[in-house]
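# Observations on the three-dimensional arrangement
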Amino acid sequence: MATDTMQSDLDLIALPIESEISDRPAWGAVLSMSLGVFALVTAEFLPASLLTPLAAGLQISKGAAGQAVTATALVGLITSLLISLIIRDINRRWVLIGLSVLLILSNLVVATAPGLGMLLLGRILMGIALGGFWSLSVGVVMRLVPEAAIPRALAIMFMGVSAATVFAVPVGSYLGGMIGWRGVFFAATGLAALSLLVQTLTLPSLPVQSAARTASLLDVLRRPGIAIGMFSVLLVFGGHFTFFTYLRPFLESITGLGVDGVTAVLFGFGLANFAGTYLVAYLIERSLRLTMIVLPLSMAILALILTSFGGLASFDAVLVAIWGLLFAGVPVASSTWITRSLPDDAEAGGSLIVAAINFAIATGAGLGGALLEATGPRSVFLASGIILAVAASVIARRVREVRA
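Quick caveat: nothing in here was measured; it's all calculated off a predicted structure.

Attention shifts here to the overall build of the chain. Across its full length, the chain carries 16 helices and zero strands. Looking at the chain residue by residue over its 404 residues, the buried ones come to 57%. Just so you have it, the chain exposes about 15800 Å², and 68% of that area is on carbon and sulfur atoms.

Structure representation (structure tokens):
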């Protein structure tokens, strides 16, 4: 039953792009993509779990350290929009290998950074690797196996995301207390190097199939309902990352938790997030539009409750876990909406989703950092709740469910 549910979820979010179908599945290459996802998402999440020691080690404020997330997201946004044009004639095998090399360099630069400048440089490299990889990943996996095996191949790749969601943040926080934040980034470098090795050994040649269409993204945005839908996606992810980037400072200064307590709360968030990825399918089957409204509205309520009443460890831990459960459904619901709204050009829609998410991460982390510096963590959560409430209102009033 769990396998059927996983396949149902992946059928909803798989993008129907043109692909060259292999006669013999390259499962080793698919596993290398899963490992690549795990290494990328782990590195992406580390600043959130190491924000306090990272800021102390570089002698900068927590708000300034949070801009490492902003830098990654902004560059990921630009990369996701331009990657197909920049690499149009390059074999995708070499592009993926190059992106893995960038991930290694990013982690090394951050691990050895003497100050804010080098930290931001490392995270800029991370943004290029992240935006490029996510723009190519689904299309590449669909070329590695026969059509009938695509859902299973995507399941394997997305296992990397789930594993990173469960383990990256809490384990990063725990290891940071043992070996220091620099040691954690050196460990992430080793993980990225392993990913590069496996990709080099397993990825087949992936020549270019078709030239990118420069007008495609603009054409898609001009379609009725698409621009407002993308705006709602931006608001939901912006509200989440305003909250999540500065969760550790809230847990430390308001809830009064130490490293072990923060790690436990983040681990609960990850486990709940893992479960939510599969549970959301039942909601989507009943009503995609209702799901898209209920998720951000419920998250807004949680943020406002934490703003007003947060401070008790067990209470805060439960609310953060519920947040993880709810947020897990947001990417699935957003991807399902885009595949139903753009059945003839879902690849372009997927690129816009990636761009909107990265812009939301950048603005959410930037806004949260400014508020944290000015008025403290409660105001960060208040802003998150307001953004998410606006998102739910926009979806309820302007976004319509479209069935292919």
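Continuing now.
Looking at the chain, the pLDDT average stands at 82 and 86% of residues meet or exceed 70. Note on residues 1–22: pLDDT is under 50 here. Beyond four places in sequence and across chains, it has 53 contacts.

The next point concerns the packing of helix α9 (residues 226–244) against helix α13 (residues 313–327). Where α9 meets α13, the closest approach of the two axes is 12 Å, and the angle between their N-to-C directions is 150 degrees. On the basis of their axis angle, the class for α9 and α13 is roughly antiparallel. Judged by the twist between their axes, the crossing of α9 over α13 is left-handed. Across from F237, G239, H240, F241 and F243 in α9, the residues of α13 making contact are V320, W323 and F327. Tallied by class, the residues present in the contact of α9 with α13 amount to six nonpolar, two polar and no charged.

What follows is about the pattern of salt bridges. A full pass over the atoms with the stated rule returns two salt bridges. Between E252 and K62 there is a salt bridge; the shortest N-O distance is 3.9 Å. Remark: K62 occurs in helix α4 (residues 62–86) and E252 occurs in helix α10 (residues 247–253); sequence separation between them is 190 residues. For R248, the salt bridge goes to E252, with nearest N and O atoms at 2.8 Å. Of this pair, R248 and E252 both sit in helix α10, four residues apart, roughly one helical turn.

Turning to unusual backbone geometry, a few remarks are in order. With the exception of glycine, the majority of residues adopt a negative phi angle, and the majority of peptide bonds are in the trans configuration. Located in the positive-phi region is Q59, a residue other than glycine, with phi close to 55 degrees. Positionally, Q59 belongs in the loop between α3 (51–58) and α4.

Relative to the helices and strands, T245 is located in the loop between α9 and α10. Residue T245 is classed as buried on the basis of its relative accessible area of 3%. Within the local environment of T245, its side chain forms a polar contact with the backbone oxygen of F241, the two atoms lying 2.8 Å apart. Those residues within four positions of T245 in sequence are excluded, and the remaining contacts are A48, L51, G66, V69 and A365.

Using the criterion set out here, one finds nine aromatic pairs in the structure. For the pair F250 and F381, a centre-to-centre distance of 4.2 Å together with 15 degrees between the ring planes defines the contact as stacked. Within this pair, whereas F250 is found in helix α10, its partner F381 is found in helix α16 (residues 377–398), the two being separated by 131 residues in sequence. Under the relative-accessibility criterion, F250 is labelled buried at 1%. One aromatic cluster in this structure is built from F243, F250, W323 and F381. The aromatic ring of W94 is capped on one face by R93, whose charged end is 4.7 Å from the ring centroid.

With that settled, the discussion passes to the side chain of S379. Within the secondary structure, S379 sits in helix α16. Given a relative accessible area of 17%, S379 falls into the buried group. Reaching out from S379, the side chain makes a polar contact with the side chain of T375 at a distance of 2.4 Å.

The grouping of I78, L81, L82, L85 and I86 at the surface amounts to a nonpolar patch, some 430 Å² of accessible area in total. With respect to the helices and strands, the residue L81 is situated in helix α4. By relative accessible area, L81 is classed as partly exposed at 34%.

Our next topic: α4. Since the α-helix turns once every 3.6 residues, residues separated by three or four places project in the same direction. The end-to-end C-alpha distance of α4 is 35 Å, a good match for the 36 Å that 25 residues give at a rise of 1.5 Å each. The largest bend in α4 comes to about 40 degrees, at S80.

What follows concerns the nonpolar core. Membership of the largest hydrophobic core comes to 80 residues, with the highest contact counts inside it found for F185, F237, F243, L247, W323 and W337. For this core, the leading source of residues is α9, giving eleven residues. Those residues within four positions of F243 in sequence are excluded, and the remaining contacts are L306, V320, W323, F381 and S384. In terms of nonpolar packing, the next biggest core, distinct from the first, is built from 40 residues, F45, L99, M157 and L206 among them.

What counts as what
- Residues numbered from 1 in each chain as written.
- Predicted model: local features only at pLDDT ≥ 70, side-chain atom pairs only at ≥ 80, totals over all residues.
- Heavy atoms only, no water.
- Helix = DSSP H or I, 4+ residues; strand = E, 2+ residues; numbered from the N terminus.
- Buried < 20%, exposed > 50% of the residue type's maximum accessible area, 1.4 Å probe, protein only.
- Areas by Shrake-Rupley, 256 points an atom, 1.4 Å probe, with all protein chains shown as cover.
- pLDDT = per-residue confidence, 0-100.
- Contact = heavy atoms within 4.5 Å.
- Axes fitted to C-alpha atoms, helices over the stretch in contact; angles between N-to-C directions.
- Parallel < 35°, antiparallel > 145°, perpendicular 65-115°, else oblique.
- Left-handed = near helix turned anticlockwise from the far one by under 90°.
- Nonpolar A, V, L, I, M, F, W, Y, C, P; charged D, E, K, R; others polar.
- Salt bridge = Lys/Arg side-chain N within 4 Å of Asp/Glu carboxyl O.
- Polar contact = N/O pair within 3.5 Å; in protein donor to acceptor, adjacent residues only side chain to side chain.
- Phe/Tyr/Trp six-rings, centres within 6.5 Å; stacked < 30°, edge-to-face > 60°.
- Lys NZ or Arg CZ within 6 Å of the ring centre and 35° of its normal.
- Patch = residues over 30% accessible without salt bridge, like charges linked within 9 Å, V, L, I, M, F, W, Y side chains within 5 Å.
- Expected span 1.5 Å × (residues − 1).
- Bend = angle between axes of the 7 residues up to and from the residue.
- Core = buried A, V, L, I, M, F, W, Y, C linked by side-chain atoms within 4.5 Å.

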